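Breakdown of the fold
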Amino acid sequence: MAWSIADVARMSGVTSRTLRYYDEIGLLPPAWIGSNGHRYYEEADLLRLQQILLMRELDLGLREIQAVLDSQVDQLAALREHHRRLLAERDRLETLARTVGRTIAELEEGKDNSDMAKINRPENLFEGFEPGRHEAEARERWPEQWEQSRRAIAGMTTEGMEQWQREVTAQMIRMAEFMVAGTPVADPAVQAEVDAHYQGVCRFWTPCAAAYKGLGQTYVDDPQFRTNFDSIAEGLAAYQRDAMAVYANARLS
């Protein structure tokens, strides 16, 4: 039995455009192409697509997925390994849920008259987060900067990482204070805080204007990043993004 590219797109949720791209790069060629030029997929192709989607869920890049599939011999063993990693990811997400729940509880208990809140243990904000979770995408888009970041993180001690986490939390709270006060993102005081953020990022990699604005957009688009920011104050992720865009246009362009 074979399915058309439209059928596969409907079943999997993967767009026809993406399926055609997977064919172009040799990741998922169709079983055959009809006289009408349409691509058709058989059961083995659907199983391969399932594996591709599983590995994308685990944040592997397309080149890594290609290498895994090309070297794969035992399909059942590969699925067992995917299953193991998905269970590990489930456990990580449960930890993240507890982290966010704890943050909400601390913010509700610690509110003062200024509507801001005190975090009892800032390092707890980051339990369950994985700084390297988005490495595959970063490595594909900015390979030199990714390598620079990888070396910097590898050289950090446990104490250094904890200190960095505390600094990041303090920066987020200061930005939240500006936002709650209604301070424009272009205000010199806000931009001075963004400069401190940029210098902190430069400890790991040095983004250009486009990359720095892209990082700010990631804070909004990625659910984990957005939750982390907005757990401090609702709307903080977007405020941080806008402030970073102003900084990038003025200082990095």
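Quick caveat, the model's predicted, so the values are computed rather than measured.

We now examine the overall build of the protein chain. When helices and strands are tallied, the protein chain shows 12 helices and 3 strands. Within the span of the protein chain, comprising 253 residues, buried residues form 38% of the whole. A fraction of 63% describes how many contacts in the protein chain between residues 6 or more apart in sequence connect residues 24 or more apart. Total accessible area on the protein chain stands at roughly 14400 Å², and carbon and sulfur atoms take up 52% of it.

Met175, Val194, Tyr212 and Leu236 are the most contacted members of the largest nonpolar core, which has 28 residues in total. For this core, the secondary-structure elements that each account for two or more residues are helix H8 (158-180), helix H9 (188-201), helix H10 (209-221) and helix H12 (236-252). Counting residues per element, this core draws most heavily on H12, at 7 residues. Setting aside residues up to four positions removed in sequence, tyrosine 212 forms contacts with Val194, His197, Tyr198, Val201, Pro207, Met244, Tyr247, Ala248 and Leu252.

Let us look at the packing of H10 against helix H11 (residues 223-230). Between H10 and H11, whose axes approach to 5 Å, the crossing angle comes to 85 degrees. As summarised for this structure, H10 and H11 are arranged roughly perpendicular, according to the angle between their axes. Contact residues: Thr218, Tyr219, Val220 and Asp221 in H10; Pro223, Phe225, Arg226 and Phe229 in H11. Counted by class, the contact of H10 with H11 contains 5 nonpolar, 1 polar and 2 charged residues.

Our next topic: the sheet that holds strand E1 (residues 2-4). Across the sheet, 3 strands lie side by side as E1-E3-E2; this open sheet has antiparallel pairing. Each edge of the open sheet carries a strand with a single partner, namely E1 and strand E2 (32-33). Against the sheet, helix H1 (residues 5-12) makes contact with E1 and strand E3 (39-42), and its axis sits at roughly 85 degrees relative to E1, the strand it touches most. Contacts from helix H3 (residues 43-57) reach E1 and E3, with the element oriented near 85 degrees to E3.

Among the secondary structure elements, arginine 241 is positioned in helix H12. Arginine 241 sits in the partly exposed class, given a relative accessible area of 22%. Measuring from C-alpha to C-alpha, the distance between arginine 241 and tyrosine 219 comes to 6.9 Å, with 22 residues separating the pair along the chain. Ignoring any residue separated from it by four or fewer positions in sequence, one finds arginine 241 in contact with Gly216, Gln217 and Val220. Within the structure, arginine 241 has its side chain in polar contact with the side chain of aspartate 242 (distance 3.0 Å).

Basis of the calculations
- Residues numbered from 1 in each chain as written.
- Predicted model: local features only at pLDDT ≥ 70, side-chain atom pairs only at ≥ 80, totals over all residues.
- Heavy atoms only, no water.
- Helix = DSSP H or I, 4+ residues; strand = E, 2+ residues; numbered from the N terminus.
- Buried < 20%, exposed > 50% of the residue type's maximum accessible area, 1.4 Å probe, protein only.
- Contact = heavy atoms within 4.5 Å.
- Areas by Shrake-Rupley, 256 points an atom, 1.4 Å probe, with all protein chains shown as cover.
- Core = buried A, V, L, I, M, F, W, Y, C linked by side-chain atoms within 4.5 Å.
- Axes fitted to C-alpha atoms, helices over the stretch in contact; angles between N-to-C directions.
- Parallel < 35°, antiparallel > 145°, perpendicular 65-115°, else oblique.
- Nonpolar A, V, L, I, M, F, W, Y, C, P; charged D, E, K, R; others polar.
- Pairing = 2+ DSSP bridges.
- Polar contact = N/O pair within 3.5 Å; in protein donor to acceptor, adjacent residues only side chain to side chain.

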